[in-house]
Amino acid sequence: MSLWSIVSQMPPEEFSSLFTEFPYSLRCLLADWLENQPWEFLHGSDAFCTSMATGMLSAMLEKLRSATSSDGHPCQILQQVSSLESTYRRDPLRLVAVLRGILEGEKAAVLKRDRHLPLSFHRRQEELKFGLGLQRLQHRVHEIQALRERSSQLRDSAGGSLPPTVRDLQLKPEGQPTESELPALVLEATKELEAAKQQVLKRMQIWKRQQQLAGNGAVCEEHLGPLQKRCESLVEVYFQLQQQVLAASAELGPELLPRLLERFAEVLSSLVKSSFLVEKQPPQVLKTQTKFQASVRFLLGPRLLKAAAKPYMVRADMVTEKQARELALGACSNALSESTGEIMHNMVALETNPTSATCCANFKNVLLKKIKRCERKGSESVTEEKCAVLFSTTVALSPSNLTIHLQVLSLPIVVIVHGNQDNNAKATVLWDNAFSEIDRVPFMVAERVPWEKMCDTLNLKFMSEVQTTKGLLKDHYFFLAQKIFNDHSASPEDFQNRSVSWAQFNKEILPGRGFTFWQWFDGVLDLTKRCLKSYWSDRLIMGFISKQYVCKLLSTQPDGTFLLRFSDSEIGGVTIAHIIRGKDGTSQVENIQPFSAKDLSIRSLGDRIRDLGQLRNLYPNTPKDQAFGSHYNKEQTGKDGRGYVSTAIKMTVESEREQQPPGTTGGPPEAAAAQMFGLPVLRPELQHDSLQTVLSPICPPVPFCAQPVPSGYPAGEGSVSMMVSDSIGSSFASTSPMLSPALAMDPALPHCPEAFGNPPLPMNFMPSQFLPSGPSPEPQDEEMPEMGLFPSPPLLEPQPQGSPRWMVPGMELPPNSDFDQFLEEMSLEGSSLGPPFTAPPPRSTYPSPGPSCWGLAEPRWDDGVRPGQA
């Protein structure tokens, strides 16, 4: 974004005082072109500045004349251009001062309104400053060369007998330096060379900082190509100036020349060492025994690297924070005494690619085999310990055949050995990337930072992880501040002047919780990235909001209004808060049990909202089908291509099930029980053990124990039902040999004999065998509980063709009127059914799925249920 793109949208009256000597209409025609010229960096009145100002005036006049064709008043514009040329042609430096004042006034107005200038504008200004400095340096080199040539010609013509002062008076061109001024001119050029070098080094530091911020999600727009060209152009001028200095060694004298050569060597060494960069950083959270990739690039390699018989090898070593600090401060030798970790495949050749003009070493299959931990201070954990990869090599440069050692450190790395350390390691990396200084001692970082900077960091991380353009809002920052500072009485303005510490970020446990602020926030990141990206991008999730504020928002809304918020008490959960009103008119805000990423992978958030009939409008007043319609998944009905009946999972909550009218979920239990009494009757001769495979779906050996729901939430995920397609409901009831759809599918009915009005199973087990919640204990292979006689279960309707598989061949069914008597006899004379059922001998393994295992007299594990679960 350019400066003019902002200024052109502001009222022209704000800039009226700036255009007393330069017409505003011409400023509009010049637009972006004006700020892309080095007006602000052209100071002085020497020959170089005058020459530059004259060239810039001519370029501006040509630009204005070419722009008159698109203007509605070309005659008026041409008159202004002619007047401008007649005014400033004699004094182009005056025009430079006027335009510099206009640009400074525009920048001040934008800073006053927005408090910052576009980053692209800063980058362009830095490029203009460096380009102008390089042009000035080239001008100095030409001056030195011209002066030496004139002195040589004069000496040759006079036979070398004239003193320098006489030669200066005889052949001094107007405005040009003399031979006696040569040392001062060389010193001035050397000073400008060092200034240009500092600009290049600063640009490299800025690139490194942008690369580090990219680790938190910032966009690193600049590539290394422009930076390499800048280095190469400065090196070219360096060699030109060095050549002129060596040629003028006699005029410079034995005292000045060594000092100049020493300064020149320091400039080249700094440029060469700084141009060895890590182009692709290794992972900043690095797990042992995991392969990773990295690459280093030598910017001046294509220009200076001397050809060698063997390729130069780059080595990668792991170093501690202490070793990195010693290397940065020059407290240790170039050779690393001891590596803190063992890295496999850590030697790679430094190769030059003539096509792309790059010199790189690419590490493709590096493996950190193990890590040697150093002593930690205080309460520091292993996930706060920072390391780095040191890349090093020794090369020879041309044309001087200078041997130089190159080394560069990667960004800080946290080494972990288990995946459960990943969360805390990411917190260390995030803090270091966000709040470290550009030129710091490795790896020092502030312990406290302003809350505003923390907000920017969290927003940047959230947008990059979720990959969305919709960031956090002011209300979100307010909620996050209340959470991290544990202060619910302060206003948003109060938090702006506060600072947050590293301990508050990821060391101190949040009050009443079992996790830190970062652990909770990272859980929200992961959930949103995996399951809620589209919902967040459509602004359907309010997200970061407290329960108290939700009650305040929904209390005045009509019944059925709801919103989505991230769970405050669970890591990685999203919940639905909605308002309901009782018959007496009182309102209540309910929060449904939070959904995790696993829950939403089973059924999406949009489909869950569609399932709940009590949800009507998304806050404040958007109908839910309008808001979430694009997020609904198409429901399958009928049969698939293989002839199977399609099923669907539906979500209900307890409050919804209690309010539904009869028949909405397959009918009340009484209807189901009445239907069961119309089933056929069994004869007493039927043995008990032959009924096992038939009755096991109805009366499992272990009663089903419903899982308790955490207090404060209506049951949500625990009440997911599998429904058969409505289009085949009637045919299912007539063809199913087992149960009606209501009883087979509705989880509201308990899966135990009491659901059918029968007494509990007389099995020999103690209630303490079962946990109050969660899965049942793992069954033991040694013994199984001895079971008594089976109670009289509700029997099943026979299939239209043939006898049911549980009937003895030739068995006749009694009339339905004898059914009650049959049940009574079975309960009173259970002995007539045969001996009590006993468990089979212990098995060393679970039954195989072969046909021999599924005999009528053998109990078996249900292959749809894993051992250890009810």
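For clarity, every value in this text was computed on a predicted model and none was experimentally measured.

Below, the discussion takes up the overall build of the chain. The helix and strand inventory of the chain stands at 30 helices and 20 strands. Within the chain, buried positions represent 44% of all 870 residues. Put simply, the chain shows about 45100 Å² of open surface, and 53% of that area lies on carbon and sulfur atoms.

Considering soluble globular proteins, one finds that nonpolar side chains tend to be buried as a cluster. Of all hydrophobic cores here, the largest spans 72 residues; its most connected members are Leu241, Val272, Val296, Phe298, Phe363 and Phe391. Beyond its immediate sequence surroundings of up to four residues, Leu241 is in contact with Leu137, Val141, Ile144, Ala189, Thr190, Leu193 and Phe264. In terms of nonpolar packing, the next biggest core, distinct from the first, is built from 58 residues, Ala427, Ile484, Phe485 and Val500 among them.

Across all of its chains, the model carries 29 aromatic pairs by this definition. Aromatic pair Trp431 and Phe505: ring centres 5.6 Å apart, planes at 45°, arrangement tilted. Here the residue Trp431 occupies a position in helix H14 (residues 422-435), and Phe505 occupies one in helix H18 (residues 502-506), the gap between them amounting to 74 residues. Here the basic side chain of Arg230 rests over the ring of Phe130, its NZ or CZ set 4.5 Å away from the ring centre. One cation-aromatic arrangement involves Arg608 over Phe595; the distance from NZ or CZ to the ring centre is 4.8 Å.

This paragraph deals with the packing of H14 against helix H15 (residues 451-466). Between H14 and H15, the least distance of the axes is 11 Å, while the angle of their chain directions is 120°. Here H14 lies oblique to H15, going by the angle between them. Here H14 runs over H15; the crossing is right-handed. Between H14, through Leu430, Trp431, Ala434 and Phe435, and H15, the contact on the second element is made entirely by Lys453, Met454, Thr457 and Lys461.

Moving on to the pattern of salt bridges. Summed over the entire model, instances satisfying the criterion amount to 36 salt bridges. When salt bridges that share partners are traced, they join Arg603, Asp607, Arg610, Asp611, Glu635 and Lys650 into one network.

Another point: unusual backbone geometry. Peptide bonds are, in most cases, trans, and in most cases residues other than glycine have a negative phi. Cis peptide bonds are those with omega within 30 degrees of zero, and the linkage from Ser398 to Pro399 qualifies with 0°. Within the element layout of this structure, Pro399 appears in the loop between strand E9 (387-397) and strand E10 (402-409). Backbone torsion omega between Pro442 and Phe443 reads -15°, so that peptide bond is classified as cis. By the secondary structure assignment, Phe443 is in the loop between H14 and strand E12 (448-450). At Ala357, a position not held by glycine, the phi torsion is positive, near 55°. Position of Ala357 among the secondary structure elements: in the loop between strand E7 (351-353) and strand E8 (358-371). Using a relative accessible area of 35% as the deciding quantity, one classes Ala357 as partly exposed.

Glancing now at the confidence of the model for the chain. Per-chain confidence: the chain averages 78 in pLDDT, with 71% of residues scoring 70 or above. By mean pLDDT, the top-scoring element of the chain is strand E13 (residues 499-501) (97), and the lowest-scoring one is helix H29 (residues 741-745) (37). A low-confidence stretch, residues 660-711 (pLDDT under 50), is modelled with 97 contacts involving residues beyond four sequence positions or located in other chains. In the model, residues 724-819 has pLDDT below 50 throughout and makes 147 contacts with residues more than four positions away in sequence or in other chains.

With that out of the way, let us pick up the packing of helix H4 (residues 47-67) against helix H5 (residues 74-88). If you want to describe how two helices pack, look at the angle between their axes and the distance between the axes. One can describe the packing of H4 onto H5 by two numbers: an axis separation of 10 Å at closest approach and a directional angle of 170°. For the element pair H4 / H5, the angle class is roughly antiparallel. Contacts between H4 and H5 involve Leu57, Met60, Leu61, Leu64 and Arg65 from the former and Val81, Leu84, Glu85 and Tyr88 from the latter. Among the residues making up the contact of H4 with H5, the classes are represented as seven nonpolar, no polar and two charged.

Looking now at the pairing of strand E16 (residues 587-591). In this structure, strand E15 (residues 574-581) lies alongside E16, joined through five bridges in antiparallel fashion. When the bridges of E16 are listed, His578 appears paired with Glu590. Between the antiparallel neighbours E15 and E16 lie five residues, among them Gly585 with a positive phi of about 90°.

So, on to H14. Taking 1.5 Å of rise per residue, the 14 residues of H14 would be expected to cover 20 Å, and the 20 Å separating its terminal C-alpha atoms lies within 8% of that figure. When you tally the buried positions in H14, you get eleven out of 14 residues, the bulk of the element. For H14, the complete set of buried residues consists of Asn423, Ala425, Ala427, Thr428, Val429, Leu430, Trp431, Asp432, Asn433, Ala434 and Phe435.

Together, Leu329, Val441 and Met444 give the surface a local cluster of nonpolar side chains, amounting to about 280 Å² of exposed area. By secondary structure assignment, the location of Met444 is in the loop between H14 and E12. Using a relative accessible area of 46% as the deciding quantity, one classes Met444 as partly exposed.

Our next topic: the pairing of strand E3 (residues 291-298). Along any regular strand the residues' side chains alternate between the sheet's two faces. The buried fraction of E3 is high, at six of eight residues. Pairing of strand E1 (residues 276-280) with E3 involves four bridges; the strand directions are antiparallel. Across the sheet, the residue bridging to Val278 is Val296, located in E3. Where E3 and E8 come together, six bridges link them in antiparallel fashion. Residue pairing across strands places Ser295 opposite Asn362, the latter belonging to E8.

Let's shift gears to the environment of Arg530. If you trace the backbone, Arg530 turns up in helix H19 (residues 517-531). For Arg530, a relative accessible area of 56% gives the class exposed.

Here the focus is the sheet that holds strand E14 (residues 561-566). The strands that make up a sheet are held in pairs by hydrogen bonds between backbone atoms, and each pair lies either parallel or antiparallel. Pairing is mixed in the open sheet, where five strands are placed in the order E16-E15-E14-E17-E18. Looking at which strands have only one partner, the edges of the open sheet turn out to be E16 and strand E18 (622-623). Looking at chain direction, E14 and strand E17 (residues 617-618) are connected through two bridges and run parallel. Its bridge partner lying in E17, Phe562 is registered against Leu618. Along the sheet, helix H21 (residues 547-554) contacts E14, E15 and E16; its crossing angle with E14, the most-contacted strand, is approximately 165°.

Moving on, we come to H15. For H15, which comprises 16 residues, the first-to-last C-alpha distance of 22 Å matches the rise-based estimate of 22 Å (1.5 Å per residue) to within 8%. Burial in H15 covers these residues: Trp451, Met454, Cys455, Thr457, Leu458, Asn459, Lys461, Phe462 and Val466. Downstream of H15 by a residue or two, Gln467 has a phi angle that is positive, lying close to 60°.

Attention now goes to the side chain of Gln519. By the element assignment, Gln519 lies in helix H19. Reaching out from Gln519, the side chain makes a polar contact with the side chain of Asn424 at a distance of 3.1 Å. Each residue touching Gln519, except ones within four places of it in the same chain, is listed here: Asn423, Asn424, Asn506 and Ile571.

What follows is about the environment of Glu635. Take Glu635: it is sitting in the loop between helix H24 (624-628) and strand E19 (647-651). A sequence separation of 14 residues divides Glu635 from Ile649, and the C-alpha atoms of the two residues are 9.9 Å apart. Excluding anything up to four places from it in sequence, Glu635 contacts Arg603, Arg610, Ala648 and Lys650. Of the polar contacts made by the side chain of Glu635, one reaches the side chain of Arg603; its length is 2.9 Å.

What counts, and where the lines are drawn
- Residues numbered from 1 in each chain as written.
- Predicted model: local features only at pLDDT ≥ 70, side-chain atom pairs only at ≥ 80, totals over all residues.
- Heavy atoms only, no water.
- Helix = DSSP H or I, 4+ residues; strand = E, 2+ residues; numbered from the N terminus.
- Buried < 20%, exposed > 50% of the residue type's maximum accessible area, 1.4 Å probe, protein only.
- Areas by Shrake-Rupley, 256 points an atom, 1.4 Å probe, with all protein chains shown as cover.
- Core = buried A, V, L, I, M, F, W, Y, C linked by side-chain atoms within 4.5 Å.
- Contact = heavy atoms within 4.5 Å.
- Phe/Tyr/Trp six-rings, centres within 6.5 Å; stacked < 30°, edge-to-face > 60°.
- Lys NZ or Arg CZ within 6 Å of the ring centre and 35° of its normal.
- Axes fitted to C-alpha atoms, helices over the stretch in contact; angles between N-to-C directions.
- Parallel < 35°, antiparallel > 145°, perpendicular 65-115°, else oblique.
- Left-handed = near helix turned anticlockwise from the far one by under 90°.
- Salt bridge = Lys/Arg side-chain N within 4 Å of Asp/Glu carboxyl O.
- pLDDT = per-residue confidence, 0-100.
- Nonpolar A, V, L, I, M, F, W, Y, C, P; charged D, E, K, R; others polar.
- Pairing = 2+ DSSP bridges.
- Expected span 1.5 Å × (residues − 1).
- Patch = residues over 30% accessible without salt bridge, like charges linked within 9 Å, V, L, I, M, F, W, Y side chains within 5 Å.
- Polar contact = N/O pair within 3.5 Å; in protein donor to acceptor, adjacent residues only side chain to side chain.

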